[in-house]
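What follows is the residue order along each chain.
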Amino acid sequence: VQLQASGGGLVQAGDSLRLSCVVSGRTLSSYHMGWFRQAPEKEREFVAATTWSDISYYADSVKGRFTCSRDNAKNIVYLEVNSVTPDDTGVYYCAASSASYISALFTTNGYSVWGQGTQVTVSS
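Residues numbered from 1 in each chain as written. Predicted model: local features only at pLDDT ≥ 70, side-chain atom pairs only at ≥ 80, totals over all residues. Heavy atoms only, no water.

Participant: Would you mind going over the packing of aromatic side chains in detail, with residue names and values included?
Facilitator: Enumeration over the complete set of coordinates arrives at seven aromatic pairs. Joined through ring pairs, the aromatic side chains of Phe36, Phe46, Tyr57, Tyr93, Phe106, Tyr111 and Trp114 make up one cluster. Over the ring of tyrosine 93 we find arginine 44, and its NZ or CZ is 3.7 Å from the ring centre. In this arrangement the basic side chain of arginine 44 is found over the ring face of tryptophan 114, its NZ or CZ atom lying 4.9 Å from the centre. (Phe/Tyr/Trp six-rings, centres within 6.5 Å; stacked < 30°, edge-to-face > 60°. Lys NZ or Arg CZ within 6 Å of the ring centre and 35° of its normal.)

The structure is reproduced here in structure tokens:
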């Protein structure tokens, strides 16, 4: 399976973006999907995840502002990013997981396949 993330860009605080992750090689419905981000000189951190049964989870820092969704027919996962702040700046990665436990979706170790990332830069 391959993942291709896109949709990043340079935006101002308060703006919105929609990130996309196209899944190829296998059907999206086979995987839990996650979004992580990595700011310069920081660890990659969990942002959001959607299970194969379409249940979503969010980091506290983005809850209420970000929405993760999936379109199994199109093999695409989305991350709607609203009311951005400079703290949301980073490279956003999508990842695929076959984990058996939900807790695994909150850590990088729970994912076996990663996309290349898309840069989001928020100016104040």
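Back to the text.
Participant: For the state of the cysteines, give the residues involved together with the corresponding values.
Facilitator: Tallied over the entire structure, the rule returns one disulfide. The disulfide partner of cysteine 21 is cysteine 94, and the gap between their sulfur atoms is 2.1 Å. Disulfide cysteine 21 to cysteine 94: torsion about the S-S bond roughly 65°, handedness right-handed. On the criterion of sequence distance, the pair formed by cysteine 21 in strand β3 (residues 17–24) and cysteine 94 in strand β9 (residues 90–97) is long-range, its members being 73 residues apart. Looking at cysteine 21, the relative accessible area reads 0%, which means it is buried. (Disulfide = S-S within 2.5 Å. Helix = DSSP H or I, 4+ residues; strand = E, 2+ residues; numbered from the N terminus. Buried < 20%, exposed > 50% of the residue type's maximum accessible area, 1.4 Å probe, protein only.)

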